[in-house]
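Geometric and topological summary
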Amino acid sequence: MWKTALDFMVYERSKLAGILLGIVISMFLAGIQLALVDKFLEDSTGFLRGNHEYVYVIDRKSPSSASLLNVDNRVGYELRSIPGVDKVFPVVVSGGTCRFASGSTANVCIVGVQYPEMAGAPKRYTTNTRLAALQNDGAIIIDEDDQSNFEDADIGSYFYLNNNRVTVSGVSQGNDALGVPYIVTTVERARQLTGFNAGQASAFLLKCTNQEAVIAQINRTVPNVKACSGEEFVNATKTYNKKTNGILGSIYLMMTFALVAGVIIVGLTMFSSVNDRIRDYGTVKAIGGSNRIILKLILRQAVLYTVIGFLLTAALLAASKSLLGVNLSAGLLLILFSTTLIMSLAGSFFCLRKIFKLEPVQIFRM
């Protein structure tokens, strides 16, 4: 029956092309928007990226990694005494303004970490980066994807950050930011550059042997702070941004319109195709074919449309991956395939009602 379904599909190639075009256009738009949402949420996690292995201790009122309230350093000393905590690393997150030789300026987010552990810093760097150079006076690290924001600065370049001269000592990879670029430096230098209170930190990152037990004890015994795993903090940050950022709502609305338009185009085109072949379906019923046989035939066509449309969409998305700077995860592709199948099945039901009502004797009047 699969071959019969395929024969029905290719009988009118213009209708086949119209259905596939409707699927590909709507799913391509939806896929791009979903990928942009994923990238937006990933970029919004800030210094959490690549640092999921730590336990995060933050102020109890801090909703996300971009809205951290300061924590007293005495909390860090207390955390060191908790059984199961191997090391405690303070992280400082603050804002600043860069001024370049051309006279232009740029706002940045400064992340201060402890060398040599670099907890809270990016994990990947260019081959000519030497992390030990971060100890040099005024040394900072910028990201490869943000170099254009720093007037193509590279290792050895300098500019002024909050009226202090800083020198690029390294270039990270995969740490491009949402909104403002990130600059990584040491905790002490971050405090110096931003005037951050020397007795406070933005967060403490803990290396633990038993994370669950440590988190439970901190939340039970240490006042005014909360502890969570890296994954929990990442998810909390993404959830917070989903609720508070209006850009995501606009993207979801556009995606919904793309899917609705796709269902309408596919459904009407499939209905037109079935209407043109109504005598053939009537003949099937006239020779003893039941509605169940017709249902199987239509649904198999929908599955074939899904597979072909999905493969074409995936190829287009892969070709656009580097141009748009988005990642095609397995989860995203699974969502696209499922949505394509639902779209094809929804389009099929435009046709089934008319076919089910068709009486075999009617084909002799057509």
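Scroll up to find the structure this text is about.
Residues numbered from 1 in each chain as written. Predicted model: local features only at pLDDT ≥ 70, side-chain atom pairs only at ≥ 80, totals over all residues. Heavy atoms only, no water.

1. Focus: the environment of valine 225
Let me state the cut-off plainly: Each helix is a run of H or I in the DSSP string that is no shorter than four residues. Each strand is a run of E no shorter than two, and both are numbered from the N terminus. Any two residues whose heavy atoms approach within 4.5 Å are treated as being in contact.
Residue position: valine 225 is located in strand S12 (residues 225-229). Separated by 168 residues in the primary sequence, valine 225 and valine 57 place their C-alpha atoms 6.5 Å from one another. Those residues in contact with valine 225 that sit more than four places away from it in its chain are Val57, Ile58, Asp59, Arg60, Val71, Val75, Ile218 and Asn219.

2. Structural notes on empty space enclosed by the protein
Quick reminder of the rule: The distinction between a cavity and a pocket rests on a 1 Å grid over the protein atoms alone: a 1.4 Å probe fits inside a cavity but cannot get out, while a pocket stays open yet meets protein on both sides within 12 Å along at least five of seven lines, and a residue with an atom within 4 Å of a point counts as lining. Grid points are joined across faces, edges and corners, and a volume is the space filled by probe spheres set on the points. Residues are grouped as follows: Ala, Val, Leu, Ile, Met, Phe, Trp, Tyr, Cys and Pro are nonpolar; Asp, Glu, Lys and Arg are charged; every other residue, Gly included, is polar.
Under the counting rule described, the total for this entry stands at two cavities of 30 Å³ or more. Lining the largest cavity are Gly46, Phe47, Arg49, Asn51, Val111, Gly120, Ala121, Pro122, Asn175, Tyr182 and Val184. Residues that form the lining of the largest cavity fall into these classes: six nonpolar, four polar and one charged.

3. Describing the side chain of threonine 237
To keep it simple, the criterion reads: Per-residue accessibility, obtained with a 1.4 Å probe over protein chains only, is compared with the maximum for each type, and a residue is labelled buried under 20%, exposed over 50%, and partly exposed between these values.
Among the structural elements, threonine 237 can be located in helix H6 (residues 230-244). Judged by relative accessible area, which is 0%, threonine 237 ranks as buried.

4. Looking at the pattern of salt bridges
A pair can form between side chains of opposite charge whenever their charged atoms are brought close. Stated precisely, the cut-off is as follows: We count a salt bridge whenever a side-chain nitrogen from Lys or Arg sits within 4 Å of a carboxyl oxygen from Asp or Glu.
Overall, the coordinates contain three salt bridges when judged by the stated rule. With a closest N to O distance of 3.4 Å, lysine 238 and glutamate 42 form a salt bridge. Pair noted here: lysine 238 is in helix H6 and glutamate 42 is in helix H2 (residues 13-43), with a separation of 196 residues, a long-range link. Of the charged contacts, one joins lysine 123 and glutamate 53 as a salt bridge, the two residues approaching to 3.3 Å between their closest N and O atoms. Placement of the pair is lysine 123 in the loop between strand S4 (105-113) and strand S5 (124-125) and glutamate 53 in the loop between H2 and strand S1 (55-59), with a sequence separation of 70 residues. Accessibility expressed as a relative area gives 44% for lysine 123, which makes it partly exposed. Note on glutamate 53: relative accessible area 41%, which makes it partly exposed.

5. Section: the pairing of strand S7 (residues 158-161)
As a reminder, the rule being used: Paired strands, as defined in this entry, are two strands with at least two bridges between them according to DSSP.
Going residue by residue along S7, you find Phe159 and Leu161 tucked away on one face and Tyr158 and Tyr160 left uncovered on the opposite face. Bridge count for strand S3 (residues 85-99) against S7 is two bridges, and the pairing is antiparallel. Bridge assignment links arginine 99 to a residue of S7, and that residue is tyrosine 160. Pairing geometry for S7 and strand S8 (residues 164-173), over four bridges, is antiparallel. Within S8, the residue paired with tyrosine 160 across the bridge is arginine 165. Following S7, the chain reverses through two residues before pairing antiparallel with S8; asparagine 162 in that reversal takes a positive phi of roughly 50°.

6. Regarding helix H3 (residues 73-80)
Inclusion rule: The reported arc concerns the directions from the helix axis to the C-beta atoms and nothing else. We call two N or O atoms a polar contact when they sit within 3.5 Å, provided that within protein one can donate a hydrogen and the other can accept it, with sequence-adjacent residues counted only if both atoms are side-chain atoms.
Residues of H3 that are buried include every one of Asn73, Val75, Gly76 and Leu79, and no others. Along the axis of H3, the buried residues cluster in a sector spanning 150°; they form a single face. Across from the buried face of H3, at angles greater than 90 degrees, the exposed residues are Arg74 and Tyr77. With a side-chain oxygen lying 2.8 Å from the backbone nitrogen of arginine 74, the N-terminal cap of H3 falls on aspartate 72.

7. Details of the side chain of asparagine 51
As for its position among the elements, asparagine 51 is in the loop between H2 and S1. At 3.0 Å, the side chain of asparagine 51 and the backbone oxygen of phenylalanine 47 are in polar contact. Separated by 3.2 Å, the side chain of asparagine 51 and the backbone oxygen of alanine 121 make a polar contact. Excluding anything up to four places from it in sequence, asparagine 51 contacts Tyr56, Met118, Ala119, Gly120, Ala121 and Lys123.

8. Description of the nonpolar core
The following threshold applies: Residues grouped as a nonpolar core are buried Ala, Val, Leu, Ile, Met, Phe, Trp, Tyr and Cys residues, joined through side-chain atoms within 4.5 Å.
If you look at the biggest cluster of nonpolar residues, it comprises 27 residues, and the most contacted ones within it are Phe47, Tyr56, Val111, Met118, Leu205 and Phe233. Among residues more than four places away in sequence, those in contact with phenylalanine 233 are Leu48, Tyr56, Ile58, Ser64, Ser65, Leu68 and Cys228.

9. Thoughts on a nonpolar patch on the surface
Our working definition: Each patch is built from salt-bridge-free residues with over 30% relative accessible area, joining like charges within 9 Å and nonpolar side chains (Val, Leu, Ile, Met, Phe, Trp, Tyr) within 5 Å. To be clear on the numbers: accessible area is Shrake-Rupley with a 1.4 Å probe, and residue cover counts the displayed protein chains and nothing else.
Nonpolar side chains collect at one region of the surface, where Trp2, Val303, Val307, Ile308, Leu311, Leu312 and Phe337 lie side by side and expose about 570 Å² of accessible area between them. Looking at the nonpolar patch, the element that brings in the most residues is helix H9 (residues 291-324), giving five residues. In this structure, phenylalanine 337 sits in helix H10 (residues 330-357). A residue is classified by how much of its surface remains accessible, and phenylalanine 337, at 31% relative accessible area, is partly exposed.

10. A word on unusual backbone geometry
With an omega of 10°, the peptide bond running from tyrosine 115 to proline 116 counts as cis. Secondary-structure assignment places proline 116 in the loop between S4 and S5. A positive phi angle is found at asparagine 224, which is not glycine, with a value near 70°. Mapped onto the elements, asparagine 224 comes out in the loop between helix H5 (211-221) and S12. Overall, the relative accessible area of 58% leaves asparagine 224 in the exposed class.

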